[in-house]
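Residue-level structural notes
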Amino acid sequence: MPSPSEAYLLDFHARLAGVTSRWFAHAPVQSEETEAASGAAAPSAYALLEAVVPPDARPLTVLDLACGDGHLLELLARRKQPGLSLLGLDMSAHELDVARARLNGAATLIQGRAQSLPFGDASVDVVLSHLALMLMDDVETVLAELRRVLKPGGRVSVVVGGDLVPGQALEVFAGLMKSAAAVPPTRLGDARVRSVDGLRTLFAEGFGDVTVRSLSVQGDGSPHEVWESLLTTYDADRLSPAAQASLKASFLQAVESLRRPDGSVPLRWGMRQLTALRSP
């Protein structure tokens with residue numbers, strides 16, 4: 001039986017399968033490293049995760065945890081890399097249907113929960129996960145399962161939500177949400193996953209070489225395009241249609257001051273990427 005938060009997520013992804021890659025598959029990313037170096041952005045947060053997988057010919061098993069519609073697995077499959085075995089697990093049958101059509105047999109896709117992984121001990125070389133760990137119930141059990149299935153020295157890399165980036169449309173939206181005719185904020189997952197210190201605490205047991213870097217993900221667009229992406233956040237999704245309409249009108253008016261000469265407004269999603277090694 002799904003928990004209340006899982007039941008909500010299953011309903012959301014039944015209605016909006018593929019929505020995560022819709023907004024983030026082509027959203028450029030600045031990290032601390034790119035800003036300190038050339039300033040060039042990475043193509044997406046998915047591309048940052050793909051880059052964690054070594055491009056050599058040795059046998060490697062890669063698990064995309066909460067794989068959604070399979071975009072990250074598709075990036076890896078496009079490599080045509082000898083010895084690369086791809087696994088995807090998600091609890092949403094609707095997302096997996098999209099992934100199967102996308103991947104056409106290039107990965108083994110399984111419906112299941114991260115708290116009980118259907119894989120053998122020390123059977124996976126790399127675990128990747130995009131915008132999912134911060135939504136999961138009982139995150140300590142999830143991490144225990146990752147430790148179990150990863151080979152000693154195996155790598156895990158996850159992208160999770162980060163801090164609010166000031167001075168752009170998401171800050172405007174967050175302020176308006178506080179005064180929206182509201183349902184309480186959506187409480188999903190473990191709050192520790194939403195802070196650097198919390199992440200480091202969670203990954204202190206059984207993992208080493210833990211690094212956490214801040215990411216700024218660009219979602220610029222016209223005011224209406226930006227609104228459409230913000231409408232698919234979990235908090236806005238739970239508002240009534242009337243409350244959504246009122247929020248939209250207030251948002252479109254408020255972001256006029258941010259509009260650039262080309263008509264776009266800036267939108268930045270704060271995220272983090274944690275990477276760690278399974279301790280021997």
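Whatever comes next refers back to the structure up there.
Some remarks on empty space enclosed by the protein
- Following the criterion strictly, the structure yields 1 cavity of 30 Å³ or more and no others.
- Each pocket or cavity is described by its volume, and for the largest cavity that value is around 470 Å³.
- Around the largest cavity, the lining comprises 31 residues; the ones closest to its centre are His13, Ala66, Asp90, Ala132 and Leu135.
- Counting residues per element, the lining of the largest cavity draws most heavily on helix H1 (residues 4–15), which supplies 4 residues.
- A per-class count over the lining of the largest cavity returns 15 nonpolar, 9 polar and 7 charged.

Considering the pairing of strand E4 (residues 108–111)
- Bridging between strand E3 (residues 84–90) and E4 involves 4 bridges; their strand directions are parallel. Across the sheet, the residue bridging to aspartate 90 is glutamine 111, located in E4.
- With helix H6 (residues 93–103) bridging E3 and its parallel neighbour E4, the resulting β-α-β unit is right-handed.

Some words on the environment of serine 5
- Examined against the element boundaries, serine 5 turns out to sit in helix H1.
- Here the alpha-carbon distance between serine 5 and methionine 136, two residues 131 residues apart in the chain, equals 8.5 Å.
- Filtering out sequence-adjacent residues up to four positions away, serine 5 remains in contact with Asp137, Arg187 and Leu188.

Notes on the sheet that holds strand E7 (residues 207–218)
- Spatially, E1-E7-E8-E6-E5-E2-E3-E4 is the arrangement adopted by the 8 strands of the open sheet, whose pairing is mixed. Of all strands in the sheet, those with a lone pairing partner are strand E1 (29–31) and E4, marking the two edges. Taking each pair of neighbouring strands and ignoring which way they run, the sheet shows an average axis angle of 20°.
- Where strand E2 (residues 60–65) and strand E5 (residues 124–130) come together, 3 bridges link them in parallel fashion. Along E5, the bridge assignment pairs valine 62 with valine 126.
- Running over the sheet, H6 touches E3 and E4 and is turned about 170° from E4.
- Those strands touched by helix H7 (residues 139–149) are E2, E5, strand E6 (150–161), E7 and strand E8 (268–278), and its axis lies near 145° from that of E6.

Some details on the packing of aromatic side chains
- Using the criterion set out here, one finds 8 aromatic pairs in the structure.
- Taking the centre distance of 6.3 Å and the plane angle of 65° together, the rings of phenylalanine 173 and tryptophan 227 count as edge-to-face. Here tryptophan 227 lies in helix H10 (residues 223–231) and phenylalanine 173 lies in helix H8 (residues 169–178), a separation of 54 residues in the sequence.
- Looking at phenylalanine 173, the relative accessible area reads 5%, which means it is buried.
- Overall, tryptophan 227 belongs to the buried group, its relative accessible area being 2%.
- Summarising the aromatic geometry, the rings of phenylalanine 173 and phenylalanine 251 are spaced 6.4 Å apart at their centres and angled 85° between planes, so their arrangement reads as edge-to-face.

Cut-offs and rules
Residues numbered from 1 in each chain as written. Predicted model: local features only at pLDDT ≥ 70, side-chain atom pairs only at ≥ 80, totals over all residues. Heavy atoms only, no water. 1 Å grid on protein atoms, 1.4 Å probe; cavity = no way out; pocket = protein on both sides within 12 Å on 5 of 7 lines; lining within 4 Å. Points joined across faces, edges and corners; volume = space filled by probe spheres on them. Helix = DSSP H or I, 4+ residues; strand = E, 2+ residues; numbered from the N terminus. Nonpolar A, V, L, I, M, F, W, Y, C, P; charged D, E, K, R; others polar. Pairing = 2+ DSSP bridges. Right-handed = clockwise from strand over helix to strand, strands pointing away. Contact = heavy atoms within 4.5 Å. Axes fitted to C-alpha atoms, helices over the stretch in contact; angles between N-to-C directions. Phe/Tyr/Trp six-rings, centres within 6.5 Å; stacked < 30°, edge-to-face > 60°. Buried < 20%, exposed > 50% of the residue type's maximum accessible area, 1.4 Å probe, protein only.

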